[in-house]
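Below are the chains, spelled out letter by letter.
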Amino acid sequence: MKGIVYKSTGSWYAVKAENGTFYECRIKGKFRLKGIKNTNPVAVGDKVVFDLEDSGGETIGVIKKLEDRKNYIIRKSVNLSKQTHIIGANLDKAFLIITLNNPPTLSIFIDRFLVTAEAYRVETVLLFNKVDVYTEEEKDEIRYLMAIYRDIGYTCIPISAKTGKNIEKIKEEMTGKTSLFAGHSGVGKSTLINAIEPELGLKTAQISTQHMQGQHTTTFAQMFDLSFDARIIDTPGIKGFGVVDVAKEELGDYFPEFFALKGRCKFNNCLHVNEPKCAVKEALEEGEVSWSRYKSYLQIIEGEDENYRVDVYKKE
């Protein structure tokens with residue numbers, strides 16, 4: 001039988017078969033993905049082949065094969081430094097929920113997420129949440145941030161999960177697709193998902209656990225079928241992103257505004273750091289490229305802040 005993984009609890013997987021029935025499954029043998037050591041070799045969103053077996057009078061599924069992944073996002077385990085954890089696979093679209101404060105979402109976090117998505121060609125929508133509680137000065141800052149990312153080509157939507165502002169726009173973006181929702185703990189992700197699909201009734205007390213980042217918690221990604229022809233993968237709050245397995249020479253290709261200027265650089269392998277006649281640095285001086293984006297680029301290329309990270313592995 002064939003199916004898609006909707007939930008993982010570490011050792012058991014809820015798999016939805018092609019006939020629409022859910023089966024509790026386990027894996028047989030060891031799965032390996034390009035030699036990467038994973039805490040979860042099978043992830044939410046994976047397409048799998050499984051058999052049904054009798055176990056003490058109960059029918060359970062045994063996953064025998066993992067189908068090729070279109071893409072996936074993988075996170076470095078907090079307390080298992082040499083292992084990684086896949087948070088979602090086979091994505092059509094990613095939504096990053098951003099808050100100006102309580103908690104703050106920094107530009108470097110946004111940009112690392114976008115590099116991850118660009119590496120897989122996953123369309124990303126930026127959702128600026130909690131606009132109902134911001135002061136006019138804070139709203140101006142949100143407008144400034146949205147202008148930066150809209151100029152690059154990203155869809156930016158100001159929203160309020162509590163008041164319902166622009167919820168219908170989000171649903172339009174999600175229709176017909178499998179979407180991953182991500183963001184820091186406390187940005188209102190569960191409140192937003194409940195606003196999109198109230199019957200899900202997700203717990204919304206995530207902000208109270210945001211200081212538990214040093215622990216490997218038992219929260220897992222989970223996929224839900226929605227009432228308007230969409231699927232959503234809800235993920236645990238993530239402290240930070242880091243980019244791995246992208247060569248320095250390729251990193252600029254995942255900043256769309258840098259990539260557009262690449263052909264005008266004097267050297268075709270320009271890193272946009274110290275090289276003469278660099279079109280990116282010239283555009284930076286002219287105000288055509290955001291300084292915050294360039295700062296993020298330098299931090300990534302220099303390998304800074306990799307204690308908490310989501311690694312990117314490009315599909316070959």
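The following refers to the structure shown. (Residues numbered from 1 in each chain as written. Predicted model: local features only at pLDDT ≥ 70, side-chain atom pairs only at ≥ 80, totals over all residues. Heavy atoms only, no water.)

1. Some details on the pairing of strand S2 (residues 13–17)
The side chains of a regular strand alternate, first on one face of the sheet and then on the other.
Thinking step 1. The buried fraction of S2 is high, at 4 of 5 residues.
Thinking step 2. With 5 bridges joining them, strand S1 (residues 2–8) and S2 adopt antiparallel strand pairing. In the strand pairing of S2, Ile 4 is matched with Lys 16.
Thinking step 3. Linking two consecutive strands that pair antiparallel, namely S1 and S2, is a turn of 4 residues; a positive phi of about 105° is found at Gly 10 within it.
Thinking step 4. Pairing of S2 with strand S3 (residues 22–27) involves 4 bridges; the strand directions are antiparallel. The residue bridging Val 15 from the neighbouring strand is Tyr 23, located in S3.
Thinking step 5. Between S2 and S3, which pair antiparallel in sequence order, lie 4 residues; one of them, Gly 20, sits at a positive phi of approximately 90°. (Buried < 20%, exposed > 50% of the residue type's maximum accessible area, 1.4 Å probe, protein only. Helix = DSSP H or I, 4+ residues; strand = E, 2+ residues; numbered from the N terminus. Pairing = 2+ DSSP bridges.)

2. Regarding the packing of aromatic side chains
Thinking step 1. Inspection of every chain in the model, using the stated rule, returns 9 aromatic pairs.
Thinking step 2. Considering the side-chain rings of Phe 95 and Phe 181, the 4.8 Å spacing of their centres and the 35° angle between planes classify their relative orientation as tilted. With a gap of 86 residues between them, Phe 95 in strand S8 (residues 93–98) and Phe 181 in strand S11 (residues 178–182) connect regions that are remote in the sequence.
Thinking step 3. Looking at Phe 95, the relative accessible area reads 0%, which means it is buried.
Thinking step 4. For Phe 181, a relative accessible area of 0% translates into the label buried.
Thinking step 5. On the numbers, 5.2 Å between centres and 75° between planes, the contact of Phe 258 with Tyr 297 is edge-to-face. Taken together, the residues span a long stretch of sequence, with Phe 258 in helix H6 (residues 256–259) and Tyr 297 in helix H8 (residues 291–301) at a distance of 39 residues. In this structure, Phe 258 and Tyr 297 share a single accessibility class: buried.
Thinking step 6. Seen from the ring of Tyr 72, Arg 69 lies directly overhead, with NZ or CZ sitting 5.3 Å from the centre.
Thinking step 7. In this structure, Lys 171 is placed above the aromatic ring of Phe 228, and the distance from its NZ or CZ to the ring centre is 5.1 Å. (Phe/Tyr/Trp six-rings, centres within 6.5 Å; stacked < 30°, edge-to-face > 60°. Lys NZ or Arg CZ within 6 Å of the ring centre and 35° of its normal.)

Fair warning: the whole summary comes from geometry, so function is off the table for now.
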